[in-house]
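The primary structure of each chain is shown beneath.
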Amino acid sequence: MQRLPYAREAIYRIRPYRPGKPLEEVEREYGIRDAVKMASNENPLGPSPAAVAAIQEHAGKMALYPEDTCFYLKRDLAASLGVPEEWLLLGNGSDEVLHCAALAFLSEGDEVVTGDPTFVMYETNAHLCGAVPVAVPLKDHKHDLSAMLAEVTDRTKLFVICNPNNPTGSIVSRSEVDEALRSLPSHVMVVLDEAYYEYAESPHYPQSIDYVREGRNVLVMRTFSKIHALAGLRIGYGIARPDIIQALQQVRPPFNVNSLAQVAARASLADPEQVRRGQAVNGEGKRLLYAAFDRMGLSYVPTEANFIFVDTRRDSKQVFEGLLRRGVVVRTGDVFGTPTYIRVTIGTPEQNQRFAQALEEVLKG
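Parameters and conventions
Residues numbered from 1 in each chain as written. Predicted model: local features only at pLDDT ≥ 70, side-chain atom pairs only at ≥ 80, totals over all residues. Heavy atoms only, no water. Phe/Tyr/Trp six-rings, centres within 6.5 Å; stacked < 30°, edge-to-face > 60°. Helix = DSSP H or I, 4+ residues; strand = E, 2+ residues; numbered from the N terminus. Buried < 20%, exposed > 50% of the residue type's maximum accessible area, 1.4 Å probe, protein only. Lys NZ or Arg CZ within 6 Å of the ring centre and 35° of its normal. Pairing = 2+ DSSP bridges. Arc of directions from axis to C-beta. Contact = heavy atoms within 4.5 Å. Expected span 1.5 Å × (residues − 1). Axes fitted to C-alpha atoms, helices over the stretch in contact; angles between N-to-C directions. Core = buried A, V, L, I, M, F, W, Y, C linked by side-chain atoms within 4.5 Å. Salt bridge = Lys/Arg side-chain N within 4 Å of Asp/Glu carboxyl O. Left-handed = near helix turned anticlockwise from the far one by under 90°. Nonpolar A, V, L, I, M, F, W, Y, C, P; charged D, E, K, R; others polar.

Brief notes about the packing of aromatic side chains
Using the criterion set out here, one finds 11 aromatic pairs in the structure. Geometrically, the ring pair formed by phenylalanine 293 and phenylalanine 355 is edge-to-face, given 6.2 Å between the ring centres and 80° between the ring planes. With phenylalanine 293 in helix H11 (residues 272-296) and phenylalanine 355 in helix H13 (residues 349-364), the pair connects residues that are 62 residues apart, well separated along the chain. Summarising the burial analysis for this pair, phenylalanine 293 and phenylalanine 355 share the class buried. Ring geometry for phenylalanine 309 against phenylalanine 336: centres 6.2 Å apart, planes inclined by 75°, an arrangement best described as edge-to-face. Of this pair, phenylalanine 309 sits in strand E10 (residues 307-311) while phenylalanine 336 sits in the loop between strand E12 (331-332) and strand E13 (341-345), and the two are 27 residues apart along the sequence. Considered together, phenylalanine 309 and phenylalanine 336 belong to a single accessibility category, that of buried residues. What links up through ring pairs into an aromatic cluster is the set Tyr290, Phe293, Tyr300 and Phe355. Sitting above the plane of the tyrosine 197 ring, arginine 222 keeps its charged end 3.6 Å from the centroid.

Below, the structure written as structure tokens:
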């Protein structure tokens, strides 16, 4: 990238986010008409029919600015979570909630402790604020909280736990998070990114809203992009103490959550089957893919999310290319520093079967 003399130096330290390859591009390049995307951890069942109907009903109001405070959605979400409304911040995806946290809490030279590999936007937001990301290698594909705690200094402001972790699908347990919270100094904010919260099945997975109830320095982030299947509308939220939420509100852009996202999220919350459907198909697909990987002799990380991180034992870019030619899009592991791994989203039964068959063909070469 050519450096501009008037640009901030920090932007040249950012690793650009690499989204999954679009289906339209794959079909155009390879002459395929029925490609499946299993790269971006989207819900293969799609959104609630009630959410689609709500969008259609409100489409004619697009000329108007959205309700800035998300009044009705915040009311419904608070009731669903069993928390006060003043504990909530709505964002243009949970990415924006993270961005607001960086703007509110990070100054030049501050530090952000994360796992590695994990979601790249933690590092990106640190750089944007002139802060220093401190990436601590995962241990057995999960956050090593002891090692992360050892990196905390007087300059540490954010301690980020992606739980379940993207790209590995692993979790840290309630007892591990409890110990970290006991050990952290008061000047450190813990960010618990729970984008895949609804998919976690482990009985040891923490119920993080309890930390907010206890008054901890904790910001919980969740999203409507995954199990609610509203990724295209970009809507997520943060849960924290009122004083933390007020600090985030100071840097929140006006009208940041569009009106169609608001009505769709409300409708999806009111559809109890949306989450149950997603959990059922994910659990079934997880076990089908585990069996396929076992049959192929491949090691994988047991997942608490809607994707699986699997070691193909060969260059993931070559595997990716072979799968593309068979109309299946996954994510290569090289972007995470794991060049033989791929990350595959758990799909419908038909998609999972198609992926497993294609992968077996590619590996046989």
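Describing the sheet that holds strand E9 (residues 300-301)
Reading across from one edge, E9-E10-E13-E12 is the order of the four strands in this open sheet, with antiparallel pairing throughout. Both outer strands of the open sheet, E9 and E12, are each paired with one neighbouring strand and no more. By the bridge criterion, five bridges tie E10 to E13 in an arrangement that is antiparallel. Among the inter-strand pairings, isoleucine 308 is bridged to a residue of E13, identified as valine 344.

A few points about helix H7 (residues 174-183)
Turning to H7, its buried residues are Val177, Asp178, Ala180 and Leu181. Looking straight down H7, one finds its buried side chains confined to an arc of 165°; they lie on one side. Elements that come into contact with the buried residues of H7 comprise helix H6 (145-150), strand E6 (189-193), helix H8 (209-213) and strand E7 (218-223).

Regarding helix H4 (residues 94-105)
It helps to recall that an α-helix has 3.6 residues per turn; residues three or four apart then point in one direction. An ideal rise of 1.5 Å per residue puts 16 Å on 12 residues; H4 measures up with 17 Å between its terminal C-alpha atoms. Residues of H4 that are buried: Ser94, Glu96, Val97, Leu98, Cys100, Ala101, Ala102 and Phe105.

Thoughts on the sheet that holds strand E3 (residues 111-116)
Here seven strands make up an open sheet; going across it, the order is E2-E8-E7-E6-E5-E3-E4 and the pairing mixed. Bordering the open sheet on either side are strand E2 (88-91) and strand E4 (132-137), each of which pairs with just one other strand. In this sheet, adjacent strand axes meet at a mean angle of 20° when their direction is disregarded. Against the sheet, H4 engages E2, strand E5 (156-162), E6, E7 and strand E8 (236-239), with an angle of about 155° to E7.

Some words on the nonpolar core
Core analysis: the largest hydrophobic core is formed by 44 residues, its most contacted members being Phe159, Ile235 and Ile239. A per-element tally of this core places helix H10 (residues 259-269) first, with five residues. In this structure, Val26, Val310, Val319 and Phe320 belong to the second largest nonpolar core, which totals 30 residues.

As for the pattern of salt bridges
A full pass over the atoms with the stated rule returns 25 salt bridges. Several salt bridges converge on common partners, so that one network encompasses Arg174, Asp178, Asp210, Arg213, Glu214 and Arg216.

Digging into the packing of H4 against helix H5 (residues 121-128)
At their nearest, the axes of H4 and H5 sit 9 Å apart, and the two run at 35° to each other. You can see that H4 and H5 cross each other, and the crossing is right-handed. Together, Leu98, His99 and Ala102 of H4 and Met121, Tyr122, Asn125 and Leu128 of H5 make up the contact between the two elements. Residues of the contact of H4 with H5, tallied by class, amount to five nonpolar, two polar and no charged.

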